[in-house]
Amino acid sequence: MAAPRDGDLAALQILLKAPSKDAVRQLCQECFSSPPAALGPLAQRACPGLAVSAEEAEQLVSALHNLTRHVVYRGLTRAEDILCLFPENFHQNLKNLLTKIILENISAWRNEAQASQISLPRLVDMDWRVDIKTSSDSIVRMAVPTCLLQLKIQEDAALCGNNPVVSALTVELSKETLDTMLEGLGRIRDQLSAVANK
Amino acid sequence: QFSALTEVLFRFLTEPKEVERFLTQLSDFATMNKISLGPLKNIVKSILLVPNGALKRNLSSEQVRADFIALGLSEEKASYFAEQWKVNSPTLTRLAVGQTLMINQLIDMEWKFGVTAGSSELEKVGSIFLQLKLVIKKGSQLENVYVELTLPQFYSFLHEMERVKTSLESFS
């Protein structure tokens, strides 16, 4: 995320027209969370509240988006670092207010960025049940326990936008398969604790 | 003579995929004993019906022996067959259970875990991820399913699987 340019940040001064500090806070959060494609509609929604032209609203929204994303990208946590980003003759109170809002939200925003990064389909939930097979067409009487495992898997969040597709996969495991799987999982756990203890 | 034939039969039953070997052994037997292959095949087919039915109904070796005698086989041969049956039945039962319907059977699991160093949203990350590849048999095809888990998810998954294992063990 490249550092926002001075010209962009000047647009932030439009926020001086905002009705309240909470409105500014709200706008900051919305600008961070929205993907670049949705900034247009967001600007239109912000127009009436700020009593500015559509063009100015767009500049403002885009500037806020870039600023917040840049701070999260660089992982800036100190007020001084954030204050440096603003141009020299920027309105002092607004600068402090924005820095304060950003610092309040930084860890939530960081988590949000991590949660929405690209990844393989993620495990959302899992359920299991143990059945006993009593008979089948190849053997009339038996008592074989077997496990049914249901995994709820969500496709990559970025690809699905607002409608994440969750698919349920039901897998059957025999006792041997389960033992082998547990062996593998145990090995993972051992390696993880070896890495953690280093 | 009969024992050689029984041996061939049981070898086929315990390894049902070795059809070619079974047929070769049958034709060898036919030539050795100067019987023609056609009638021998028919006899073998009818003989095979008995163990298959016995397997389905979990018959003991005495019952198998009684069945054969009822079908007209001499006592000596029937006892010999029953003995072979007793020896081989665990393998045969296991095979039959293995053939029982399984839905989306898990065949294999591969895994890797690592650290996310950075992303387009966050310059420095440093979080651990775990990726599993599950190979599942859907019908007659194999399907690969890829899943990513976070560390806490992995630990609860491991915990749940251990509970399943305890549950399965209490039923065996």
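Counting of residues starts from 1 at the beginning of each chain's written sequence and follows it residue by residue. Starting at A for chains and at 1 for ligands, labels are handed out in the order in which the entities are written. Residues qualify for local features only when their pLDDT is at least 70, as the model is predicted, and side-chain atom pairs are given and counted only at 80 or more; totals for whole chains, interfaces and linings, by contrast, use all residues. Each side-chain value is derived from all of the structure's non-hydrogen atoms; neither hydrogens nor water enter the calculation.

What follows deals with the packing of aromatic side chains. Only Phe, Tyr and Trp rings take part, Trp by its six-membered ring, and two of them pair if their centres are within 6.5 Å. Stacked means planes under 30 degrees apart, edge-to-face means over 60, and tilted covers everything else. If you walk through the whole model with that rule in mind, you get three aromatic pairs over all chains. Directly above the aromatic system of Phe32(A) lies the positively charged group of Arg69(A), at a separation of 5.1 Å from the ring centroid. Consider the ring centre and the ring normal. A charge sits over the ring if Lys NZ or Arg CZ is within 6 Å of that centre and within 35 degrees of that normal.

When a carboxyl oxygen of Asp or Glu lies within 4 Å of a side-chain nitrogen of Lys or Arg, that pair is called a salt bridge. Here the structure, examined in full by the defined rule, presents 16 salt bridges over all chains. Asp81(A) is the salt-bridge partner of Arg78(A), the closest N and O atoms lying 3.1 Å from each other. Taking relative accessible area as the criterion, Arg78(A) reaches 47% and is therefore assigned partly exposed. Under the scheme applied here, a residue whose accessible area is under 20% of the maximum for its type counts as buried, over 50% as exposed, and between as partly exposed, the area being computed with a 1.4 Å probe on protein chains only. Exposure remark for Asp81(A): the relative accessible area of 25% places this residue in the partly exposed category. Note that Arg189(A) is salt-bridged to Glu162(B), the shortest N-O span being 3.9 Å.

Turning our attention to the UniProt feature "domain: COMM" (unreviewed entry) in chain B. UniProt positions are given in the numbering used here, feature names are shortened, and annotations may be inferred rather than shown by experiment. Mapped onto the present numbering, the UniProt feature "domain: COMM" (unreviewed entry) falls on residues 105-172 of chain B. For the purposes of this entry, the term helix denotes a DSSP run of H or I that reaches at least four residues, the term strand denotes a run of E that reaches at least two, and both are numbered from the N terminus. Secondary structure content for residues 105-172 of chain B is 31% helix and 49% strand, and the end C-alpha separation is 20 Å.

A few words now on the packing of helix H3 (residues 37-56) of chain B against helix H5 (residues 75-99) of chain B. All names here are of chain B. For helices, the axis comes from a line fit to the C-alpha atoms of the stretch in contact; other axes are also lines fit to C-alpha atoms, and the angle between any two N-to-C directions lies between 0 and 180 degrees. Running from N to C, H3 and H5 cross one another at 60 degrees; their axes reach a closest spacing of 10 Å. For the element pair H3 / H5, the angle class is oblique. Regarding H3 and H5, the two cross each other, and that crossing is right-handed. Taking contact as the criterion, the partners of Ile47, Pro51, Ala54 and Leu55 in H3 are, on H5, Phe81, Trp85, Leu92, Thr93 and Ala96. Counted by class, the contact of H3 with H5 contains eight nonpolar, one polar and no charged residues. Each angle receives one of four descriptions, namely roughly parallel if under 35 degrees, roughly antiparallel if over 145, roughly perpendicular if within 65 to 115, and oblique otherwise. Crossing chirality is assigned from the near helix's rotation relative to the far helix, an anticlockwise turn below a right angle marking it left-handed and a clockwise turn marking it right-handed. What makes two residues a contact is simply this: any of their non-hydrogen atoms within 4.5 Å. Lys, Arg, Asp and Glu make up the charged group, whereas Ala, Val, Leu, Ile, Met, Phe, Trp, Tyr, Cys and Pro make up the nonpolar group; the residues left over, Gly among them, are polar.

All names here are of chain B. One fewer than the residue count of a helix, multiplied by 1.5 Å, yields its expected span. For H3, built from 20 residues, the straight-helix expectation of 28 Å at 1.5 Å per residue is met to within 8% by its first-to-last C-alpha distance of 29 Å. Each element contacted by the buried residues of H3 is listed here: helix H1 (2-14), helix H2 (19-32), helix H4 (61-70) and H5. Positioned one or two residues after H3, Asn58 has a phi angle of 50 degrees, which is positive.

Turning next to the domain arrangement of chain A. Parsing chain A into structural domains produces domain 1 (6-116) and domain 2 (122-197). Each of domain 1 of chain A and domain 2 of chain A was reduced to a C-alpha centroid, and the two centroids are 44 Å apart. Each domain's extent was defined by an automatic or database domain assignment.

Time to look at the nonpolar core. For our purposes a nonpolar core is just a set of buried Ala, Val, Leu, Ile, Met, Phe, Trp, Tyr and Cys residues, chained together by side-chain atoms within 4.5 Å. Ranked by size, the top nonpolar core spans 41 residues in total, and within it Leu12(A), Leu15(A) and Leu98(A) carry the most contacts. Counting residues per element, the ones that place at least two in this core are helix H2 (21-33), helix H3 (39-50), helix H4 (54-74), helix H5 (79-85) and helix H6 (92-115) of chain A. Here Leu15(A) is in contact with Val24(A), Leu27(A), Leu60(A), Leu64(A), Leu94(A) and Leu98(A), once residues within four sequence places are set aside. Among the nonpolar cores identified, the runner-up in size contains 31 residues, and Cys147(A), Leu169(A), Leu149(B) and Met161(B) belong to it.

It is common to give the size of an interface as the accessible area that goes away when the parts come together. Split into domains, chain B comes out as domain 1 (1-101) and domain 2 (105-171). Taking the mean C-alpha position of each, domain 1 of chain B and domain 2 of chain B sit 45 Å from one another.

Its location among the elements puts Pro145(A) in strand S2 (residues 144-154). A relative accessible area of 11% means that Pro145(A) is categorised as buried. Pro145(A) sits 30 residues away from Lys175(A) along the chain, and the two C-alpha atoms are 7.5 Å apart. Those residues in contact with Pro145(A) that lie beyond four places of it in its chain are Asp131(A), Ile132(A), Leu168(B), Phe171(B) and Ser172(B).

This part is about the side chain of Thr68(A). All names here are of chain A. Looking at the element boundaries, Thr68 is found in helix H4. Classification of Thr68 by relative accessible area gives buried; the value is 1%. A polar side-chain atom of Thr68 sits 3.0 Å from the main-chain carbonyl oxygen of His65. Excluding anything up to four places from it in sequence, Thr68 contacts Cys28, Phe32 and Trp109. Each polar contact in these results corresponds to two N or O atoms within 3.5 Å; when the atoms are within protein, one needs to be able to donate a hydrogen and the other to accept it, and residues that are neighboring in sequence are counted only if both atoms are side-chain atoms.

Every contact between the two is made by 54 residues of chain B and, on the other side, 53 residues of chain A. In this assembly, chain B packs against chain A so that about 5,100 Å² is buried in total across both faces, 70% of it on carbon and sulfur atoms. What counts as buried area is the accessible surface, traced by a 1.4 Å probe, that two parts surrender upon association, with contributions from both included. Contact with chain A buries surface across chain B, with Glu121(B), Leu122(B) and Leu168(B) losing the most and accounting together for 12% of the total. Among the ionic pairs, Arg69(A) bridges to Glu121(B), the shortest N-O distance being 3.4 Å. At the boundary of chain B and chain A, one finds 16 residue pairs in polar contact (both at pLDDT 80 or more). Contributions of two or more residues to the side of chain B that touches chain A are made by H3, H5, strand S1 (105-116), strand S2 (127-138), strand S3 (141-149) and helix H6 (151-171) of chain B. At 16 residues, the largest contribution of residues to the side of chain B that touches chain A is made by H6(B). Taken together, the residues that form the side of chain B that touches chain A break down as 29 nonpolar, 14 polar and 11 charged.

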